[in-house]
Amino acid sequence: MYALSSALVLYAFWLLLSGYFTAFLMTAGAVSAIAVVALARRMDLVDHEGHPIHLGWRALTYWPWLIIEIVKSAWDVSKIILNPRLPISPNLVRVKTSQKTTVGVVTYANSITLTPGTISVDVKRGEILVHALTREGAAGLEQGEMDRRVTRFEGGH
């Protein structure tokens with residue numbers, strides 16, 4: 001299942017980048033996608049972490065929420081930068097993780113970094129060290145809403 005899904009995603013990516021839909025190029029794209037997946041299978045790289053199709057439907061609820069959070073954080077950081085007094089209060093906080101899989105923890109750390117004003121500095125099992133531009137940003141992470149949503153995204157409750 002993962003191999004088929006990987007081949008389809010690679011082929012779709014090929015078509016998207018190519019922009020040409022001649023029989024030769026479409027066939028070359030299909031052959032290339034199949035060859036890459038065959039090589040990846042031989043190297044034992046095709047698995048549930050490398051291509052997590054089991055997360056596909058949950059992404060439809062998580063990504064819109066994350067995009068909204070990124071926009072809200074970008075707005076807050078923009079207001080701080082434009083303020084003549086530059087009211088920043090940088091600090092480091094450790095936030096607990098409730099994810100059970102490596103994919104879940106990495107998703108959480110990347111979501112923190114994607115949100116303007118926060119950066120995941122160090123990731124260890126059970127916690128992430130985060131640099132936050134403001135105390136409010138750190139407090140927002142400590143409330144745990146993003147942690148709960150990522151845990152739901154990975155399949156937990």
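We now turn to the structure provided with this report.

Conventions used here
- Residues numbered from 1 in each chain as written.
- Predicted model: local features only at pLDDT ≥ 70, side-chain atom pairs only at ≥ 80, totals over all residues.
- Heavy atoms only, no water.
- Helix = DSSP H or I, 4+ residues; strand = E, 2+ residues; numbered from the N terminus.
- Contact = heavy atoms within 4.5 Å.
- Buried < 20%, exposed > 50% of the residue type's maximum accessible area, 1.4 Å probe, protein only.
- Pairing = 2+ DSSP bridges.
- 1 Å grid on protein atoms, 1.4 Å probe; cavity = no way out; pocket = protein on both sides within 12 Å on 5 of 7 lines; lining within 4 Å.
- Points joined across faces, edges and corners; volume = space filled by probe spheres on them.
- Nonpolar A, V, L, I, M, F, W, Y, C, P; charged D, E, K, R; others polar.

**Comments concerning the environment of Leu10**
Then, number 1: If you trace the backbone, Leu10 turns up in helix α1 (residues 2-18).
Then, number 2: Setting aside anything within four residues of it in sequence, one finds Leu10 in contact with Ala33, Val36 and Val37.

**As for the pairing of strand β3 (residues 127-132)**
Then, number 1: Among the six residues of β3, five are classified as buried, and the element is accordingly described as predominantly covered.
Then, number 2: The pairing of strand β1 (residues 91-96) with β3 spans six bridges and is antiparallel. Within the sheet, the bridge partner assigned to Val93 lies in β3 and is Val130.
Then, number 3: Here strand β2 (residues 118-124) pairs with β3 via six bridges, running antiparallel. Residue Ser120 lies in a different strand from β3, and its bridge partner there is Val130.
Then, number 4: What sits between the antiparallel neighbours β2 and β3 is a turn of two residues, in which Gly126 has the positive phi angle 100°.

**Describing the layout of surface pockets**
Then, number 1: Here the largest pocket defines a volume of roughly 570 Å³.
Then, number 2: Considering the residues around the largest pocket, the lining is formed by 24 residues, among which Ser73, Asp76, Glu136, Gly137 and Gly140 are closest to the centre.
Then, number 3: Per-element accounting of the lining of the largest pocket gives the leading share, eight residues, to helix α3 (residues 56-82).
Then, number 4: Of the residues assigned to the lining of the largest pocket, the class counts are nine nonpolar, nine polar and six charged.

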